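The lines below spell out each chain.
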Amino acid sequence: MKKLRLSPLKLTSADDVLIVYISGYGSYSRLHLKTGGTQLYPNPLVRYAKRLLHFIRIHKHYLINPSFVRSVTQLDTAHGFVTLESGEKLPIARRRLQPAKKALQAVLTGRSPIVTLSNHTLE
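In what follows, the accompanying structure is described. Just so it is clear, the structure is predicted and the values come from calculations on it, not from any experiment.

**Focus on the sheet that holds strand β3 (residues 38-41)**
By definition, the strands of a sheet pair up through backbone hydrogen bonds, in either a parallel or an antiparallel sense.
Next, step 1: Read from one edge to the other, the open sheet built from 5 strands follows the order β3-β2-β1-β5-β4, with strand pairing classed as antiparallel. For this open sheet the edge positions go to β3 and β4 (56-59), each flanked by a neighbour on one side alone. Taken over all neighbouring pairs, the strand axes of this sheet differ in orientation by 25° on average, direction set aside.
Next, step 2: Relative to strand β5 (residues 62-64), β4 runs antiparallel, the two being bridged by 3 bridges. Looking at the pairing, Arg-57 lines up with Leu-63 of β5.

Okay, structure coming up:
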């Protein structure tokens, strides 16, 4: 199987539809792909954030593609998470909770997602 070339400088608009989310740890980033596989690159998450402007930074370690978000859940004023189409749940950082929720709601309103806030469901 041929490895995709998804380093930040070689990304094309066709490649970003393959990326579900990117997790970053120091100077390395792991791209989690639609196919279920992952690829590790020696580039910090911030380089992908600068290149993929429609992706949303929800945490110090996570940059997500809003196209793959199923729902956003806010447990209280400081805790929340994003549920992806695969069923995977990623935390939203406390200081990014409100901006991320607002950005995701704007993107998701066109797809009529279920957004849960403090055990209340909104449309």
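**Description of the environment of Thr-83**
Next, step 1: Position of Thr-83 relative to the elements: it lies in strand β7 (residues 80-84).
Next, step 2: The class of Thr-83 is buried, set by a relative accessible area of 7%.
Next, step 3: C-alpha of Thr-83 to C-alpha of Phe-68: the two residues are 15 residues apart in sequence and 8.9 Å apart in space.
Next, step 4: Apart from the residues lying within four places of it in its own chain, the contact partners of Thr-83 are Val-69, Arg-70, Ser-71, Glu-88 and Lys-89.

**With respect to the pairing of β7**
Next, step 1: With 5 of 5 residues buried, β7 is to be regarded as a mostly interior element.
Next, step 2: Two strands pair when backbone bridges link them, and strand β6 (residues 69-74) and β7 are joined in this way by 5 bridges, in the antiparallel orientation. Bridge pairing links Val-69 to Leu-84 in β7.
Next, step 3: In the sheet, β7 pairs with strand β8 (residues 89-92) via 4 bridges, with the strands oriented antiparallel. Within β8, the residue paired with Val-82 across the bridge is Leu-90.
Next, step 4: Between β7 and β8, which pair antiparallel and follow one another directly, the connecting turn spans 4 residues, one of which, Gly-87, has a positive phi of 95°.

**Things to note about helix α2 (residues 97-108)**
Next, step 1: For α2, spanning 12 residues, the distance from its first C-alpha to its last is 16 Å, which sits close to the expected 16 Å at 1.5 Å a residue.
Next, step 2: Listed as buried for α2 are Leu-97, Ala-100, Lys-101, Leu-104 and Leu-108. Along α2, the residues classed as buried sweep out an arc of 100° about the axis, all on the same side. Facing away from the buried side of α2 by over 90 degrees, the exposed positions are Pro-99, Lys-102 and Ala-106.

**Some remarks on the environment of Gly-24**
Next, step 1: Looking at where Gly-24 falls in the secondary structure, it is placed in strand β1 (residues 19-25).
Next, step 2: Taking the relative accessible area as the measure of exposure, Gly-24 reaches 5% and is therefore buried.
Next, step 3: With residues near it in sequence (within four places) discarded, Gly-24 still touches Ser-29, Leu-45 and His-61.

Conventions and cut-offs
Residues numbered from 1 in each chain as written. Predicted model: local features only at pLDDT ≥ 70, side-chain atom pairs only at ≥ 80, totals over all residues. Heavy atoms only, no water. Pairing = 2+ DSSP bridges. Helix = DSSP H or I, 4+ residues; strand = E, 2+ residues; numbered from the N terminus. Axes fitted to C-alpha atoms, helices over the stretch in contact; angles between N-to-C directions. Buried < 20%, exposed > 50% of the residue type's maximum accessible area, 1.4 Å probe, protein only. Contact = heavy atoms within 4.5 Å. Expected span 1.5 Å × (residues − 1). Arc of directions from axis to C-beta.

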